[in-house]
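# Descriptive structure summary
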There are 4 protein chains.
Amino acid sequence: MQTPPGRRPGRPRSRRADDAILSAALDLLGERGNIAEVSIEAIAARAGVGKATIYRRWPGKEELLVDAVATLRPPLPDLDEGSMRGDLVLLLEQVCAEMDGKLQRAINALLVSRAHPEIGARIKHAVLAPRREALYQVLRRGAETGELRPGADPEAVLNLLMGGALLHRRSAGGGSPRACAELLVDTLLAGIAAPRPA
Amino acid sequence: MQTPPGRRPGRPRSRRADDAILSAALDLLGERGNIAEVSIEAIAARAGVGKATIYRRWPGKEELLVDAVATLRPPLPDLDEGSMRGDLVLLLEQVCAEMDGKLQRAINALLVSRAHPEIGARIKHAVLAPRREALYQVLRRGAETGELRPGADPEAVLNLLMGGALLHRRSAGGGSPRACAELLVDTLLAGIAAPRPA
Amino acid sequence: MQTPPGRRPGRPRSRRADDAILSAALDLLGERGNIAEVSIEAIAARAGVGKATIYRRWPGKEELLVDAVATLRPPLPDLDEGSMRGDLVLLLEQVCAEMDGKLQRAINALLVSRAHPEIGARIKHAVLAPRREALYQVLRRGAETGELRPGADPEAVLNLLMGGALLHRRSAGGGSPRACAELLVDTLLAGIAAPRPA
Amino acid sequence: MQTPPGRRPGRPRSRRADDAILSAALDLLGERGNIAEVSIEAIAARAGVGKATIYRRWPGKEELLVDAVATLRPPLPDLDEGSMRGDLVLLLEQVCAEMDGKLQRAINALLVSRAHPEIGARIKHAVLAPRREALYQVLRRGAETGELRPGADPEAVLNLLMGGALLHRRSAGGGSPRACAELLVDTLLAGIAAPRPA
DNA sequence: AGATAAGCGAGACGGTACGTCGGGTCTTATA
DNA sequence: TATAAGACCCGACGTACCGTCTCGCTTATCT
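Residues numbered from 1 in each chain as written. Chains lettered and ligands numbered in written order. Predicted model: local features only at pLDDT ≥ 70, side-chain atom pairs only at ≥ 80, totals over all residues. Heavy atoms only, no water.

## Thoughts on the interface of chain C and chain D
Selection rule: Any two residues whose heavy atoms approach within 4.5 Å at even a single point are treated as in contact. Between Lys or Arg on one side and Asp or Glu on the other, a salt bridge is scored when a side-chain nitrogen of the former is within 4 Å of a carboxyl oxygen of the latter. Any pair of N or O atoms that falls within 3.5 Å is considered a polar contact. Within protein, one atom must be able to donate a hydrogen and the other to accept it, and sequence-neighbouring residues count only if both atoms are side-chain atoms. Every helix listed is a DSSP run of H or I at least four residues long, and every strand listed is a run of E at least two residues long, numbered separately from the N terminus.
Taken together, the contact pairs 44 residues of chain C with 44 residues of chain D. Remark: the boundary between chain C and chain D carries zero salt bridges. Run the count over chain C and chain D and you get 14 residue pairs in polar contact (both at pLDDT 80 or more). Elements represented by at least two residues in the side of chain C that touches chain D include exactly helix H6 (102–113), helix H7 (117–145), helix H8 (154–171) and helix H9 (177–190) of chain C.

Structure follows, in structure tokens:
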């Protein structure tokens, strides 16, 4: 055993520096809206920190931004609306709302762009996963209550909903997040196959 | 009609330069897989062209890459499978397949990232639109043949399918594009609401 | 009939173009004061001429500027002051006066700088030579009238006077060209050796 | 005394970089012989230095070259020949010899060309001044020993000699520096006015 | 208390690429 | 064939960041 009581020698890293760096990175990512226009030098300057203090902690810009984004984890809405449809709409509404705003667009870019897949994975894990997990729980409860059709693959449902939200916010332009969420959920609930004449 | 008899004075721009630049840009985007690692200097060098010849045509790297990507327009698959489901699966299978590969990841980044929204719009128009249009026609024909449930909003259906494909390829990892497409289409066709007991 | 005895075929070169180019070149050389900041593009633009029209006439910027400078040949002052000293002062005064002004500084640079010696030679011939020749005639007449000490090498005298003027205008700063010329001429006339006691 | 104990923060500038840059600049100036053909990029490459390291120290090419030239200060010849004439000849011989060689021609161009007069002034101060000062001392000693005619303006004498050397090396072409120096000094010593018949 | 060791802000380092400018050449249509 | 216009390839310009490397200092732990 080495450090918990027996700490590393030398001056310990400064928590204040960590916070200042992450916060400056998010600020700038929000302002510039584009990962390419956020420079380490600008982050260091705004954080009042030397560049070496950043490179001591992260190997490069992207890793830093991933961690910065990961600190966001906005609180999920309270659920328990009583019905699976209500909960799905509630969650999807938040996802839709988050599509707006420069910071979110930048995050999406981080999600989708990377050559090095591990980075996309980490941000996915940190930011996307909580939303997926919440949706997943709603579906599971729906299965228990019988609201979810047996045989529906929850993974597929999840991706349909979230991907649908991602694209619909852009292609269909305006409209309230609420309306968008309701349309998507209801379409998926009902399916699109014509009912057999019976 | 613009100037066929009265042409602009001076040497006209070289078609060969246009082609060389666009093709070099795509090459490099495919190789590097990351817009940030494709440099104008490298494009100019590979195209055998001066940098000024590029900047005379495009204001910057991103605009150039957008146009380069827009020249891709891979052919859509032949449809006429006989059923709406078959056609949807066929189209979605191609979309799923296109998610793999460095070039496509780079394109996705361009799609989603931009601060200047016009650029995202142009690439959307050039690359995404044909696929959306094909899906749209399939849905319209399904409505005519009665295979599509009346009341289903085609726009929403479209976004659910394409967004679902986008995410499912990543989250569910492996699997053939075919299987992915079938799962998504079937899930959406059937809907996820439990059938009313009746 | 095409050519007085036999003219060259095709459109003849435009005299107006020659004039416009040379005049624009001098203008810009005067304004910018520095050969490096005079661009062929600017000359062509100001002259209302295509760049090719310049390159058809001169092989490069320096040759063009040499020719432009050579068109200056400002008139020399009338002499016949009656005495060698008077004429020398008159000529040297003009040389001193010409040291001021951006154009002259640029010309001096052309005179002194060139790696390719032929160009310096041509401008020397065109601009410096007339002044030297005038001084030389004054000295020759001085020799005839006995005002010039026999044995004085006219070439050396000439160079002492003109070089002296070149430097004295700069080092001694202010002062009228007249005073400068008189000081130099009188110093050289009297010599600097102490008179033998005898 | 400035800040020996309280130093500027950050990494101090590298002496080795200074030296490498100045030396590379002189090398190239000597090779190319023409300020316009010496590029900052070439200097940086030869010095093994980034361009920014140059621009951190000098605002542009000319200022750098001025400083580079200023480091030359070749040693003046030992004097004490016993006579004023001997010393003058010795000094002027060196000045004449320095007219040859590409580096010196380039320096002369710097001296004479500049639009911004301050730069010419600095190089004048660094390179020309020592020679002028040496000549000046010789003249002063000549005045003390009575070899210099009372009433001769030392400033004018100086400019006559150095300017004469500058021009004579070019106009009179060949000849040894020694012969050139002797001719000029003797001409000026004796003066050019015919001795009054008395 | 002093030594040791690492972190700190600052900023210079060697580089890469940027977007601009100008050089000298080439290619149009027109005169 | 010359002309005005302007595109062509090339390469230097001066700037902005990259990720690394000193500096002098501070802040801990370990003798």
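Let us keep going from here.
## Quick word on the relation of the copies chain B and chain A
Stated precisely, the cut-off is as follows: Here the copies are superposed with least squares, the fitted atoms being C-alpha atoms of residues at a pLDDT of at least 70 in both.
Between chain B and chain A, which share one sequence, the superposing operator has a rotation angle of 179° and an axial displacement of 0.1 Å; the RMSD is 0.3 Å. Such a turn and shift between the copies fits a two-fold axis. Residue by residue, 98% of the interface of chain B is reproduced at the interface of chain A, so both copies engage with the same surface.

## Details of the relation of the copies chain C and chain D
With an axial shift of 0.0 Å and an RMSD of 0.3 Å, the rotation relating chain C to chain D amounts to 179°. Most of the interface of chain C is mirrored in chain D, where 100% of its interface residues are also at the interface.

## A short note on the protein's contact with DNA strand F
So the rule is basically this: Throughout, near means a residue has at least one heavy atom within 4 Å of the molecule or strand.
Close contacts around DNA strand F come from 46 residues, with Tyr55 of chain A, Arg56 of chain B, Arg56 of chain C together with Arg7 and Tyr55 of chain D the closest. In DNA strand F, atoms within 4 Å of the protein come 69% from sugar and phosphate. At 3.4 Å from a phosphate oxygen of DNA strand F is found a main-chain nitrogen or oxygen belonging to Gly50 of chain B. Taking Ile40 of chain D, its main chain carries an N or O atom lying 2.9 Å from a phosphate oxygen of DNA strand F. Taken together, the elements giving at least two residues each to the surface near DNA strand F come down to helix H2 (40–47) and helix H3 (51–55) of chain A, helix H3 (51–55) of chain B together with helix H2 (40–47) and helix H3 (51–55) of chain D. The greatest single-element share of the surface near DNA strand F, amounting to three residues, is contributed by H3 of chain A.

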